[in-house]
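An overview of the molecular structure
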Amino acid sequence: MEDRPIQVNLSSTGKEKPKSDELQFGRMFTDHMFVMDYSEPAGWHDARIVPYQPIAMDPSAMVFHYGQSVFEGLKAYLTPEGDAQLFRPEKNLRRINHSNDRLCIPRIDEEFALKALKQLIALDKDWIPDAEGTSLYIRPFIISTEAFLGVAPSRHYKFIVILSPVGAYYKEGINPVKIAVENKYVRAAVGGTGEAKTGGNYASSLKAQELVADSGFAQVLWLDAVERKYIEEVGSMNVFFKINGEIVTPILNGSILEGITRKSVIELLKHWEIPVVERKISMEELYQAYCDGLVEEAFGSGTAAVISPIGQLTWDDKDMVFNNMETGPIAKKLYDTLTGIQYGKIEDPFGWIEKIKSRVTL
Ligand SMILES: *Cc1c(COP(=O)(O)O)cnc(C)c1O
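Here the focus is the packing of helix 2 (residues 89-103) against helix 3 (residues 110-123). For the pair helix 2 and helix 3, the least separation of the axes is 10 Å and the interaxial angle reads 130°. The orientation of helix 2 with respect to helix 3, classified from their angle, is oblique. Our pair here, helix 2 against helix 3, has a crossing hand that is right-handed. The segment helix 2 lies against helix 3, with Pro 89, Leu 93, Arg 94 and Asn 97 engaging Glu 110, Ala 113, Leu 114 and Leu 117.

See below:
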């Protein structure tokens, strides 16, 4: 399949591009999208780039009823030289196959998908905004399209990649947020789908988020589903705490999503010889350490914000304020280094950057 060329059907009318101060997250899309179909026995076939457009589906398409779908999120960045580049994209494609395995969706060819993604971005390269902190968000996803109401893995799928120019996550500089610990609802349980990037995890997270939003909390901190004791994630980010000189992040336990930013943070800390450990950590332990004055920093990690400092964590009636509600030095250094590498402003000694040639063979 890798050898088969991708059919390209160019958009005849380019849409007007947003001005940099009009950019939001995920509301505008570029001129083109990538689509590939799956059916049995053909497998994945008909890879094509077409004008961005709605898709027609049967109302009985399985994705509408049972949610068999997966997605990914990554970004293309413009360097000061005007080149487009990606950050560890092969990890996203490996992860979509990991999610596929969990959701009984047929695997995609990762190398071919990366080639397709790069070809699509090269074609819509002019859509990558160049203002500070802006980027082109890339959303690959797979939906089950078989017209059938039976509860079984679909026999038809679509793999689609869409692109959206997005504004800077932090408009006035990196900014600590307030987080509420969620004691009633859970995001995922071990044995469930927490490790997979699937829409259902997000559907079930909305309620908790809605309940705390009115009280000024940006996100909730999720606890383990069995004991409501151990820290898992913050909203849709992985989470880190600096306790007594050591950075602690919850160990991947089967219900935590393995973030690529998380992995990069751990690798950077090790590179800097800053102690970092992946282990179980309970709210009780964190609170005790806080009371003992040992919690120096807290922050989340994810593609959208990169690093999101946590200024306050509220656990029932207990408020914990970290680093005076200010961004801590580790969070700042991680943010500056990761974004520096992503935007090609500092050297990448790790081989994390994948450049996009402006002319990818069509
Ligand atoms: C996508 C996601 C993350 C962050 O992953 P990155 O690869 O770092 O963007 C963390 N938690 C959840 C639940 C996610 O869906």
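Turning our attention to the side chain of Ser 205. Inspection of the secondary structure assignment puts Ser 205 in the loop between helix 4 (199-203) and helix 5 (206-213). You can call Ser 205 buried: its relative accessible area is 14%. A polar side-chain atom of Ser 205 sits 2.9 Å from the main-chain carbonyl oxygen of Tyr 202.

What follows concerns empty space enclosed by the protein. A full pass over the atoms with the stated rule returns two cavities of 30 Å³ or more. One number sums up the size of the largest cavity: a volume of about 90 Å³. Looking at the lining of the largest cavity, the elements with two or more residues in it are strand 5 (74-78) and helix 6 (260-271). With three residues, the top contributor of residues to the lining of the largest cavity is strand 5. Within the lining of the largest cavity, the residues separate by chemical class into five nonpolar, six polar and one charged. Taken as a whole, the second largest cavity holds about 50 Å³ of empty space. Lining the second largest cavity are 13 residues, with Ala 298, Pro 309, Ile 310, Glu 326 and Gly 328 sitting closest to its centre. Put simply, the parts of the chain that give the lining of the second largest cavity at least two residues each are strand 15 (295-302) and strand 16 (306-315). Looking at side-chain class alone, the lining of the second largest cavity contains six nonpolar, four polar and three charged residues.

With that settled, the discussion passes to the packing of aromatic side chains. By convention here, two paired aromatic rings are described through the distance between centres and the angle between planes. Counted according to the given criterion, the structure contains 16 aromatic pairs. Considering the side-chain rings of Phe 240 and Phe 299, the 5.3 Å spacing of their centres and the 15° angle between planes classify their relative orientation as stacked. On the criterion of sequence distance, the pair formed by Phe 240 in strand 12 (residues 238-243) and Phe 299 in strand 15 is long-range, its members being 59 residues apart. Phe 240 gets classed as buried once you look at its relative accessible area, which sits at 0%. Relative accessible area serves as the criterion here: at 0%, Phe 299 is assigned to the buried category. Members of the aromatic cluster, connected to one another through ring pairs, are Phe 34, Tyr 38, Trp 44, Tyr 157 and Phe 159.

Each value, and the rule that gives it
- Residues numbered from 1 in each chain as written.
- Predicted model: local features only at pLDDT ≥ 70, side-chain atom pairs only at ≥ 80, totals over all residues.
- Heavy atoms only, no water.
- Axes fitted to C-alpha atoms, helices over the stretch in contact; angles between N-to-C directions.
- Helix = DSSP H or I, 4+ residues; strand = E, 2+ residues; numbered from the N terminus.
- Parallel < 35°, antiparallel > 145°, perpendicular 65-115°, else oblique.
- Left-handed = near helix turned anticlockwise from the far one by under 90°.
- Contact = heavy atoms within 4.5 Å.
- Buried < 20%, exposed > 50% of the residue type's maximum accessible area, 1.4 Å probe, protein only.
- Polar contact = N/O pair within 3.5 Å; in protein donor to acceptor, adjacent residues only side chain to side chain.
- 1 Å grid on protein atoms, 1.4 Å probe; cavity = no way out; pocket = protein on both sides within 12 Å on 5 of 7 lines; lining within 4 Å.
- Points joined across faces, edges and corners; volume = space filled by probe spheres on them.
- Nonpolar A, V, L, I, M, F, W, Y, C, P; charged D, E, K, R; others polar.
- Phe/Tyr/Trp six-rings, centres within 6.5 Å; stacked < 30°, edge-to-face > 60°.

No statement about biological role is implied by the geometric values presented.
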